[in-house]
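Close look at the chain arrangement
In case you want the letters, here they are:
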Amino acid sequence: MGDILKGKYPAKAHAKRVADLIIEKGGDPKGVLYLEGKKTQIYEDSDQPVLFRQRRHFYYLSGCDVPDCYLTYSMGDGILKLYIPPIHADEVIWSGLPLSVEEATETYDIDGCGYTDALNTDLADAQKSSGRTVYVIPGQVSDHVDLSAFSSKDTKSVKGAIETSRVRKDEYEVAMIRHANAISSDAHAALMKAAPSAKTEQELEAVFLKACIERGGRYQAYDSIVAAGTAGATLHYNKNNAPLKGKMNLLIDAGAEYRTYASDITRSFPINGSYSPESRAIYDIVLEMQNRSFDAIKAGMIWDDVHAIAHRVAIKGLLDIGILTGGTVDEIFAAKTSVAFFPHGLGHHLGMDTHDCGGNPNPNDPDPMFRYLRLRGHVPEDAVVTVEPGIYFCRFIIEPYLKDEKHKKYIDANVLEKYWVVGGIRIEDNVLVTKDGHVNLTTAPKTADAVEALIKGA
């Protein structure tokens, strides 16, 4: 991993992949791709800049994490050029010297670099020398940019081609995701160790952030979820400020990013270091859901089928402990009663976005078991996906099932009563899909025995 990351981000290979997809669909083989990076933004009624986060599609074709940049890619001759902001003397005293043309050429996988004040002249020359069609992303062309020299402008092709390309990761992208996972896995372990002496959720969030930052993961891929007790049943809990006293379990869903690429890891554990019998029973079911899902992962699998496997494992486990009753796995699966306890999708693509592109979700699906899947259909080799089964005890979701004739016959309310305090249990790892299986990129402690031992300092 280290040797791979010493090289340059493979921007030219990404640009060629995107161009080839456009050409395969009838695009202009001598066209020009034109993309703009994210601009510097200032908060309203303030002179404070908004935290910069590069546009994902721009980064994919450049590897450049600098604001106010532009790029062109000539599809005919494969020339990738980056345009960076010129030096303004008045800004140097405040922010230091900006990126220079020489530094950009040395740092990025590009064929040339210029300052942005030369952009319009170069665009006109690009039309004369190589391109008839310019390919742009709708809404991402600045007013001062002159594309009039091109005979046509395509606003439909490039975004889809980039999103298709981003699904399959190359070894450099996998190395960055793996490194983000290494940082985050260590931070999860640090948080577990700190749990018995912590007083509040935010104290544990601070432990996680500190561990990430000191390992080179300054930015988080998303806002952390640090949910104690029954708050763990709220899927995207974000208060992170409740006291820990009197709470049984903690669910932590958090991940750093590394060079713009994300990790996304969830662990659920007993704050005092010992699972209650009820918590351990649910934890073991969720871990089995994940393990059986792993068994089904390989290139070309249909993610809907893997999600269904997780539901069947959940049903069997809940039958074994008596929460579900009065039917077979097949009967309860057909009734969709398990959705009351596992209401979300099994996972999603992961890359520059936590919920990365290419998942083809269908939020209008009438089937509640599949409505919230962020990933549907076939999953190719070299995709990176999260695998995050969970079982939750949320009264707002479950109680309507207890009143529904279709479902209540399958739920033993008396047994269920013992489990409300568990809150929610979710386990989430990030895996690379291979031809015949998968590689787990997440190393955070996961087995119940390992988690208990770590918290107790054994």
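Remember, predicted model here, so these are calculated numbers, not experimental data.

Along its length, the chain carries 16 helices and 16 strands. Against the compact-globule benchmark of 23 Å for 458 residues, the chain has a radius of gyration of 25 Å, which places it among compact chains. Structurally, the chain occupies a C-alpha span of about 75 × 50 × 45 Å along its principal axes. For the chain, with 458 residues in total, the buried portion stands at 53%. At a minimum sequence separation of 6, the contacts of the chain that also span at least 24 residues come to 73%. Looking at the chain as shown, the accessible area adds up to about 20,200 Å², and 51% of this sits on carbon and sulfur atoms. If you average the places of the 51 positive and of the 63 negative side-chain charges in the chain, the two averages end up 4 Å apart.

With that settled, the discussion passes to the sheet that holds strand E16 (residues 438-440). Pairing within the open sheet is antiparallel, and its three strands lie in the order E12-E15-E16. Two strands bound the open sheet, and with one partner strand each, they are strand E12 (384-387) and E16. Shown here is a sheet whose adjacent strand axes are inclined to one another by a mean of 35°, direction ignored. Of the strand pairs in this sheet, strand E15 (residues 429-433) and E16 are connected by three bridges, and their pairing is antiparallel. Following the sheet pairing, Val431 is matched in E16 by Asn440.

Looking now at the pairing of strand E1 (residues 32-36). Within E1, five of the five residues are buried, leaving the element largely enclosed by the surrounding structure. Every second residue of E1 is oriented toward a common face, with Val32, Tyr34 and Glu36 on one face and Leu33 and Leu35 on the other, all of them buried. As paired strands, E1 and strand E5 (residues 133-135) are joined by two bridges and run parallel to one another. If you follow Val32 over to E5, its bridge partner there is Val134. Examined bridge by bridge, E1 and strand E2 (residues 70-74) share five bridges and lie antiparallel to one another. Bridging from a neighbouring strand, Glu36 pairs with Tyr70 of E2.

Moving on, we come to the environment of Arg376. Its location among the elements puts Arg376 in the loop between helix H12 (329-335) and E12. For the pair formed by Arg376 and Pro389, sequence separation is 13 residues and the distance between their alpha carbons is 16 Å. For Arg376, the contacting residues outside a window of four places in its chain are Asp304, Gly359, Asn360, Pro361, Asn362, Asp365 and Phe370. A polar contact is formed between the side chain of Arg376 and the side chain of Asp304, at a distance of 2.6 Å.

Below, the discussion takes up the domain arrangement of the chain. Along its sequence, the chain is organised into domain 1 (1-167) and domain 2 (171-456). Between domain 1 and domain 2, the C-alpha centre-to-centre distance is 37 Å. Contacts between the two partners involve 17 residues from domain 1 and, on the opposite side, 23 residues from domain 2. Between domain 1 and domain 2, the buried area comes to about 1,800 Å², and carbon and sulfur atoms account for 61% of it. Our count for the contact surface shared by domain 1 and domain 2 stands at four salt bridges. Between Arg53 and Glu257 there is a salt bridge whose closest N-O contact spans 3.0 Å.

Cut-offs used in this document
- Residues numbered from 1 in each chain as written.
- Predicted model: local features only at pLDDT ≥ 70, side-chain atom pairs only at ≥ 80, totals over all residues.
- Heavy atoms only, no water.
- Helix = DSSP H or I, 4+ residues; strand = E, 2+ residues; numbered from the N terminus.
- Rg over C-alpha atoms; globule rule 2.2 N^0.38 Å.
- Buried < 20%, exposed > 50% of the residue type's maximum accessible area, 1.4 Å probe, protein only.
- Contact = heavy atoms within 4.5 Å.
- Areas by Shrake-Rupley, 256 points an atom, 1.4 Å probe, with all protein chains shown as cover.
- Lys, Arg positive; Asp, Glu negative; His and termini not counted.
- Charge placed at Lys NZ, Arg CZ, Asp CG, Glu CD.
- Pairing = 2+ DSSP bridges.
- Axes fitted to C-alpha atoms, helices over the stretch in contact; angles between N-to-C directions.
- Polar contact = N/O pair within 3.5 Å; in protein donor to acceptor, adjacent residues only side chain to side chain.
- Domains from an automatic or database assignment.
- Buried area = accessible area lost by both parts, 1.4 Å probe.
- Salt bridge = Lys/Arg side-chain N within 4 Å of Asp/Glu carboxyl O.

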